[in-house]
Amino acid sequence: MQTSEKLAPLGFGFMRLPETELPDGSKEIDIEQVKEMVDLFMDAGFTYFDTARGYHGGRSEAALRAALVDRYPRESFQIATKLPAWLAKDADHARAMFDKSLRETGAGYFDYFLLHNLGEDRTAQFDEYGLWDFLAQKKEEGLIRNLGFSIHDKADVLEEVLAAHPNMDFVQVQINYADWESPTIESRKCYEVARAHGLPVVVMEPIKGGSLVKLPDAAASLLSAAQPDASLASWALRFAASLPGVVSVLSGMSTPDQVRENVRIVRDAQPMASEERALLDRVRAILDGIPTVPCTDCRYCLKNCPQDVRIPAALASLNILALYHDEFRAQENYDWNVSDGLASSCIACGACEDVCPQHIPIVEELARAAELFER
């Protein structure tokens with residue numbers, strides 16, 4: 001793997017914005033703090049902002065308008081947003097999401113527009129609703145500059161989507177050093193598929209939702225010994241930003257201090273050298289040696305579950321806890337990916353265990369997940 005001549009730019013993800021609690025216990029986005037974060041980001045010379053129709057309960061796009069669009073000249077930044085067909089009631093509802101995103105962001109046009117979160121059974125809805133052709137027409141009308149999609153799935157699925165839709169301008173995939181050789185995430189393989197198709201890549205989850213700043217002591221000590229002044233976040237961001245063909249490395253920042261640290265890392269650092277990548281290989285080996293639920297995300301269990309429990313995603317949350325002791329990220333993964341198939345729905349029929357190649361005691365693990373994440 002060759003490094004790029006310079007680091008890819010940082011992107012500001014509007015997925016984990018700061019919130020304030022209201023008297024009734026509900027929460028709202030802290031717009032004044034978001035404005036401060038946007039100003040820090042723009043002042044550092046970074047201009048790529050990523051949001052989505054479904055972030056923060058549908059409030060993220062309006063926050064982007066208040067903190068960015070209404071305060072800066074339109075040509076001074078780039079906006080990416082996404083259309084989640086799997087949240088739509090029907091084709092009309094899905095298509096109306098595009099116009100709603102235009103209204104709520106006030107952007108006028110989108111520099112990057114994505115079909116959101118393809119993979120598993122979600123891709124079929126984009127096909128059923130005719131969204132590929134619909135968005136291609138929006139691009140012809142000048143409302144989209146670059147059309148692509150984000151995907152959380154394996155490399156062979158990404159290959160299938162790109163073969164069926166070869167006119168994409170870019171793809172957004174999960175890439176970080178911990179998942180680079182992962183048999184479930186397949187970061188390297190997905191990156192190589194995208195590049196084989198000649199497509200630029202937008203990187204999501206470069207710090208694995210924050211988990212890579214919570215490494216086990218043995219792994220953290222290894223990196224600290226090599227570069228005492230480098231933060232754990234810098235290793236993660238530089239790994240992703242050093243890959244050739246990367247358009248932007250997204251970080252879902254939640255505080256002004258996170259913005260300050262991340263812009264300093266990407267603005268001032270150099271691409272990752274081969275000996276540094278070798279050190280990250282050793283970190284991966286340490287992580288691989290920690291006992292986890294040995295799920296390979298083969299999904300055989302999903303075909304047999306009468307309750308449609310999101311078994312691999314629930315097990316993934318258990319593994320985030322085991323590897324990083326990151327309760328926030330484990331819960332976030334559970335809330336985002338298991339909400340439509342809770343572990344507590346398991347009826348202990350054992351159909352999943354009958355077909356699991358890894359012989360995982362799935363019923364027992366689901367009970368543990370329900371206890372931990374459905375409090």
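A few points on the structure. (Residues numbered from 1 in each chain as written. Predicted model: local features only at pLDDT ≥ 70, side-chain atom pairs only at ≥ 80, totals over all residues. Heavy atoms only, no water.)

Topic: the overall build of the protein chain
Moving on, step 1. Along the backbone of the protein chain there are 16 helices and ten strands.
Moving on, step 2. The C-alpha atoms of the protein chain give a radius of gyration of 20 Å, which matches the 21 Å a tight globule of 375 residues would have.
Moving on, step 3. Projected onto its principal axes, the C-alpha positions of the protein chain cover 55 × 55 × 50 Å.
Moving on, step 4. Relative to its full complement of 375 residues, the protein chain shows a buried share of 52%.
Moving on, step 5. Computed over 37 positive and 58 negative side-chain charges, the inter-centroid distance for the protein chain is 3 Å. (Helix = DSSP H or I, 4+ residues; strand = E, 2+ residues; numbered from the N terminus. Rg over C-alpha atoms; globule rule 2.2 N^0.38 Å. Buried < 20%, exposed > 50% of the residue type's maximum accessible area, 1.4 Å probe, protein only. Lys, Arg positive; Asp, Glu negative; His and termini not counted. Charge placed at Lys NZ, Arg CZ, Asp CG, Glu CD.)

Some thoughts on the packing of aromatic side chains
What describes a pair of aromatic rings is the distance from one ring centre to the other and the angle between the planes of the rings.
Moving on, step 1. For the structure shown, the criterion picks out 19 aromatic pairs.
Moving on, step 2. Summarising the aromatic geometry, the rings of Phe 98 and Phe 110 are spaced 5.8 Å apart at their centres and angled 80 degrees between planes, so their arrangement reads as edge-to-face. Residue Phe 98 is found in helix H3 (residues 91-105), and its partner Phe 110 is found in strand S6 (residues 110-118); the two are separated by twelve residues along the sequence.
Moving on, step 3. A ring pair is formed by Trp 132 and Phe 149, whose centres lie 6.1 Å apart and whose planes are at 80 degrees; its orientation type is edge-to-face. Pair noted here: Trp 132 is in helix H5 (residues 131-140) and Phe 149 is in strand S7 (residues 144-151), with a separation of 17 residues, a long-range link. Across the pair, exposure class does not vary: Trp 132 and Phe 149 are buried alike.
Moving on, step 4. Cluster of aromatic residues (ring-pair linked, three or more members): Phe 12, Phe 14, Phe 41, Phe 46 and Phe 49.
Moving on, step 5. The ring centre of Tyr 109 lies 4.0 Å from the NZ or CZ of Arg 74, which sits over that ring. (Phe/Tyr/Trp six-rings, centres within 6.5 Å; stacked < 30°, edge-to-face > 60°. Lys NZ or Arg CZ within 6 Å of the ring centre and 35° of its normal.)

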